[in-house]
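Reading the structure
Here is how the chains run, residue by residue.
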Amino acid sequence: MKNCSQAKLFILNYTTLNSLPMVAPQETLYNQGGVRITSTVLQQGNSFYRIRDLHRFTRSEERRVVNQARNDLVILGALLLIFGVLLVQPLAMIIGIIIIMIGLNSSFEQVDYILTILTNKNQEIKIVKKSRQERENLVQALETAFYYSTPGREGAN
């Protein structure tokens, strides 16, 4: 029974080891938008954090409404308004004014994808990304750095 569990543990470790790319110490795993992750360091702007000092991370999403003029609608409305004035078409002028008003009062929902990292000193590091894929790339690099920062692993710090 003991040999069976040791064999399972060996297979699990072998599978995990083979699924991760080999990383040389200080090789950059992620470098986008002011965030850089190596096998030993997380850098956000001018702040540096050792990977082994990072405790855990959580993912979250924040939705917010953004009021922003839609330039394409404003331009279309202006062209219709000019067309209506030049050709004396009151309907084109009215539609142009309506489209301009819609373009100026446009609002849409924007989603921020947040990764919150907690250090072993209870300091929170928040990294905001505009897409879920960007955040997942960051998480994958962070997990790889966690793996290689574990004592006894190749590339451990």
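This text goes with the structure placed above it.
Bear in mind the structure is a predicted one, so any value in this text is a computation, not a measurement.

Conventions used here
- Residues numbered from 1 in each chain as written.
- Predicted model: local features only at pLDDT ≥ 70, side-chain atom pairs only at ≥ 80, totals over all residues.
- Heavy atoms only, no water.
- Core = buried A, V, L, I, M, F, W, Y, C linked by side-chain atoms within 4.5 Å.
- Buried < 20%, exposed > 50% of the residue type's maximum accessible area, 1.4 Å probe, protein only.
- Helix = DSSP H or I, 4+ residues; strand = E, 2+ residues; numbered from the N terminus.
- Contact = heavy atoms within 4.5 Å.
- Expected span 1.5 Å × (residues − 1).
- Pairing = 2+ DSSP bridges.
- Axes fitted to C-alpha atoms, helices over the stretch in contact; angles between N-to-C directions.
- Patch = residues over 30% accessible without salt bridge, like charges linked within 9 Å, V, L, I, M, F, W, Y side chains within 5 Å.
- Areas by Shrake-Rupley, 256 points an atom, 1.4 Å probe, with all protein chains shown as cover.
- Salt bridge = Lys/Arg side-chain N within 4 Å of Asp/Glu carboxyl O.
- Phe/Tyr/Trp six-rings, centres within 6.5 Å; stacked < 30°, edge-to-face > 60°.
- Parallel < 35°, antiparallel > 145°, perpendicular 65-115°, else oblique.
- Left-handed = near helix turned anticlockwise from the far one by under 90°.

**A short note on the nonpolar core**
Core analysis: the largest hydrophobic core is formed by 17 residues, its most contacted members being Ile37, Leu42, Leu54, Ile117 and Leu142. At the level of secondary structure, the elements contributing two or more residues to this core comprise β2 (35–38), β5 (54–67), β6 (107–119), β7 (124–129) and α4 (132–149). Aside from chain neighbours lying at most four places away, what touches Leu54 is Leu42, Tyr49, Ile117, Leu118, Thr119, Ile125, Leu142 and Phe146.

**Things to note about α4**
If you check α4, its first and last C-alpha atoms are 25 Å apart, about what 18 residues at 1.5 Å a residue would give, namely 26 Å. What α4 keeps buried is the set Arg135, Leu138, Val139, Ala141, Leu142, Thr144, Ala145, Tyr147, Tyr148 and Ser149.

**Things to note about the side chain of Thr38**
Mapped onto the fold, Thr38 is located in strand β2. Thr38 has contacts with Gln26, Glu27, Thr28, Leu29, Ile51 and Ala145, leaving out every residue within four places of it along the chain.

**Topic: the sheet that holds β6**
Spatial ordering of the open sheet is given by β5-β6-β7, a layout of 3 strands whose pairing is antiparallel. This sheet does not close on itself; its edge strands, each paired only once, are β5 and β7. With direction set aside, neighbouring strand axes in the sheet form an average angle of 25°. Where β5 and β6 come together, 13 bridges link them in antiparallel fashion. Along β6, the bridge assignment pairs Val65 with Glu109. On top of the sheet, α4 reaches β5, β6 and β7; it is set at about 170° to β5, its chief contact.

**Quick word on the pairing of strand β3 (residues 41–44)**
For β2 and β3, the ladder comprises 3 bridges, and the chain directions are antiparallel. Within β3, the residue paired with Val35 across the bridge is Gln44. Joining the antiparallel neighbours β2 and β3 is a turn of 2 residues. Across 4 bridges, the pairing between β3 and strand β4 (residues 47–50) is antiparallel. If you follow Leu42 over to β4, its bridge partner there is Tyr49. Taken together, β3 and the strand that follows it, β4, pair antiparallel across an intervening segment of 2 residues, in which Gly45 is found at a positive phi of about 65°.

**A short note on a nonpolar patch on the surface**
Together, Ile82, Phe83, Leu86 and Leu87 make up an exposed nonpolar region whose accessible area comes to about 430 Å². Note that Leu87 resides in the loop between α2 (71–86) and α3 (90–104).

**Topic: the packing of aromatic side chains**
What describes a pair of aromatic rings is the distance from one ring centre to the other and the angle between the planes of the rings. For the structure on display, the rule yields 1 aromatic pair. A centroid spacing of 6.0 Å and a plane angle of 20° characterise the contact between Phe57 and Phe146, whose relative ring orientation is stacked. Here the residue Phe57 occupies a position in strand β5, and Phe146 occupies one in helix α4, the gap between them amounting to 89 residues.

**A short note on the packing of α2 against α3**
Running from amino to carboxyl end, α2 crosses α3 at an angle of 160°, the nearest separation of the two axes being 7 Å. In terms of their interaxial angle, α2 and α3 are classed as roughly antiparallel. For α2 against α3, the interelement crossing comes out left-handed. Contacts between α2 and α3 involve Leu73, Val74, Leu76, Gly77, Ala78, Leu80, Leu81, Phe83, Gly84 and Val85 on the former and, on the latter, Ala92, Met93, Ile95, Gly96, Ile97, Ile99, Ile100, Ile102, Gly103 and Leu104.

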